[in-house]
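# A closer look at the structure
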Amino acid sequence: LDAYWMDETEVTNAMYAKCVSAGECDQPGGSYYGDSSYTNHPVVHVDWNNAQNYCRWTGGQLPTEAEWEKAARGGLEGKKYPWGNEAPSCQKSAENGAQFSDCSGETISVGSFTANGYGLFDTNGNVWEWVSDWYDSGYYASSPSNNPSGPSSGNSRVLRGGSWLNNEYYLRSANRYRYYPTYTSSGNLGFRCSRSP
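A brief report on the enclosed structure follows. The numbering scheme is per chain: residues are counted from 1 as the chain's sequence reads. It should be noted that, the model being predicted, local features are given only for residues of pLDDT at least 70 and side-chain atom pairs only at 80 or more, the latter also being counted only at that level, while totals for whole chains, interfaces and linings use all residues. Values shown for side chains rest on all heavy atoms present in the structure; no hydrogens or waters enter the calculation.

### Notes on the sheet that holds strand S4 (residues 176-179)
In this scheme, strands are said to pair when DSSP sees at least two bridges between them. Counting from the N terminus, the helices are DSSP H or I runs at least four residues long and the strands are E runs at least two residues long. One open sheet accounts for four strands, arranged S4-S3-S2-S5; its pairing is mixed. The sheet is open, and its two edges are formed by S4 and strand S5 (189-190), each paired on a single side. Here strand S2 (residues 128-134) runs beside S5; their pairing, made up of two bridges, is parallel. From the neighbouring strand, Glu129 faces S5, where its bridge partner is Gly190.

### Some words on the packing of helix H1 (residues 13-21) against helix H2 (residues 48-57)
Between H1 and H2, whose axes approach to 10 Å, the crossing angle comes to 85 degrees. What the angle tells us is that H1 and H2 run roughly perpendicular. For the pair formed by H1 and H2, the contact residues are Met15, Tyr16, Lys18 and Cys19 on the first element and Asn50, Tyr54 and Trp57 on the second. Amino acid classes used here: Ala, Val, Leu, Ile, Met, Phe, Trp, Tyr, Cys and Pro are nonpolar; Asp, Glu, Lys and Arg are charged; the rest, including Gly, are polar. Partitioned by chemical class, the residues of the contact of H1 with H2 number five nonpolar, one polar and one charged. In this analysis an axis means a line fitted to C-alpha atoms, helices contributing only their contacting stretch, and an angle means the value between N-to-C directions, from 0 to 180 degrees. Note on terminology: angles under 35 degrees are roughly parallel, angles over 145 are roughly antiparallel, angles of 65 to 115 are roughly perpendicular, and the others are oblique. Contacts: residue pairs with any heavy atoms within 4.5 Å of one another.

### So, unusual backbone geometry
The phi angle at His45 is positive, at roughly 60 degrees, despite the residue not being glycine. Per-residue accessibility, obtained with a 1.4 Å probe over protein chains only, is compared with the maximum for each type, and a residue is labelled buried under 20%, exposed over 50%, and partly exposed between these values. Judged by its relative accessible area of 19%, His45 falls in the buried class. Of note, the phi angle at Asp122 is positive, near 55 degrees, even though the residue is not glycine. Within the secondary structure layout, Asp122 lies in the loop between helix H3 (65-73) and S2. When its relative accessible area of 7% is taken as the criterion, Asp122 is described as buried.

This is the structure in structure tokens:
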């Protein structure tokens, strides 16, 4: 992959609210947005299009799936999680900490767990993260070896990372999921942005 920057955290309600105020993003649904006790939680109920709009508004874009996975792994290749193969823990100070179904049952403030080897927080757990790629289950069997950007079309967009609603299996760095790009009904879908240097 060519060099790129990745947001340290998932986009929060406070961050996203600035885009809404600027008239560039639609206000999300759900009860978290606008509630001051969730200001630093990841924004949810945002479809792929609004996630992409937000990233463009900040001068970036949604990461490709390949960029997301490289960043999420934090420099550890061949391991299940960004911290290694040890199962995730709900303990905030644990190096293998993540927000998943064994924990409190909702999103938590971004950066609540230890960062991965690249300094990124919550790449696995808290919320699923939209990436730019269309979904194709067999894409990586024939993808370009340099800068793969996903199929040119499709019905669903890729999500990565697992969420507070999922068990540890879905938090694996290699796990892939998908949803229609207009989907907004879930309180466990969010995103982060990437940028070219």
